[in-house]
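Close look at the chain arrangement
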Amino acid sequence: MFKVQNTILSDDIATAKFACDLPRCKGACCVVGDAGAPVTQDEIPVLNKAFRQLKEELPQQSVQVAEKDGVVKGNAKSGYEISTVDSKECIFVQYDEHEVAYCAIQKAYFEGRFNWEKPLSCHLFPVRLKHIAGFDYANFEYVPKLCSTACEKGEKEGAYLADFLKKPLVRRYGEEWFTEFKESCEEVRSKK
């Protein structure tokens, strides 16, 4: 473990090789699992707005789930998560012509139709954050079914997970934190 300001990170965040390989994994992180992506209370109004704006583009089953169960489910005590279809697929999933799952919110963002890219937990995946006693704890949540192709590609390209996550880490903590984080990652790697 290593510490950057008020964040404690697992060493594998510094040492793991990782680069998304969508053509091979087909967006598995958006469709595999037994729960929706964790979200913060502050993200809920944005997700509701995204649903209203993108509703006509989403699969009918996703719309039905959102209208029946809500866009987000949970509570302040147990946490919030995006609703899913059959406890698997995120309600914001769309598929391209190659059956690759992608985020409708992120697509709208890249097209300039929405001003928010996606929930931070999705942006940071495969790293998960837990906030305990004034600290963020960051762990690499390696799930072979989801991460193996990205780890293979990262190894082949020499791409570290820490570099792959630059944009979401800067989004969460800022440039100054990220600079310190990169220095800490180099130090962790030098000890391996």
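Residues numbered from 1 in each chain as written. Predicted model: local features only at pLDDT ≥ 70, side-chain atom pairs only at ≥ 80, totals over all residues. Heavy atoms only, no water.

Notes on the overall build of the protein
A count of helical and extended segments in the protein gives ten helices and eleven strands. For a compact globule of 192 residues, the expected C-alpha radius of gyration is about 16 Å, and the protein comes in at 17 Å, within 12% of that figure. Projected onto its principal axes, the C-alpha coordinates of the protein cover approximately 50 × 40 × 30 Å. Here the protein holds 192 residues, and 44% of them are scored as buried. Contacts in the protein between residues far apart in sequence, at least 24 positions, make up 64% of those at least 6 positions apart. (Helix = DSSP H or I, 4+ residues; strand = E, 2+ residues; numbered from the N terminus. Rg over C-alpha atoms; globule rule 2.2 N^0.38 Å. Buried < 20%, exposed > 50% of the residue type's maximum accessible area, 1.4 Å probe, protein only. Contact = heavy atoms within 4.5 Å.)

Here's the deal with the environment of Val-31
Along the chain, Val-31 falls in the loop between helix H2 (22-25) and strand S3 (38-39). For Val-31, a relative accessible area of 18% gives the class buried. Once the C-alpha coordinates of Val-31 and His-123 are considered, the two residues, 92 residues apart in sequence, prove to be 15 Å apart. Beyond its immediate sequence surroundings of up to four residues, Val-31 is in contact with Lys-88, Glu-89, Val-93, Tyr-95 and Ala-101.

Observations regarding the packing of helix H9 (residues 166-173) against helix H10 (residues 175-190)
One can describe the packing of H9 onto H10 by two numbers: an axis separation of 7 Å at closest approach and a directional angle of 125 degrees. In terms of axis orientation, H9 runs oblique to H10. Helix-helix and strand crossings are classified by hand; for H9 and H10 the assignment is right-handed. Residue-level inspection shows Lys-166, Leu-169, Val-170 and Tyr-173 of H9 in contact with H10, the latter providing Glu-175, Trp-177, Phe-178 and Phe-181. Considering only residue class, the contact of H9 with H10 consists of six nonpolar, no polar and two charged. (Axes fitted to C-alpha atoms, helices over the stretch in contact; angles between N-to-C directions. Parallel < 35°, antiparallel > 145°, perpendicular 65-115°, else oblique. Left-handed = near helix turned anticlockwise from the far one by under 90°. Nonpolar A, V, L, I, M, F, W, Y, C, P; charged D, E, K, R; others polar.)

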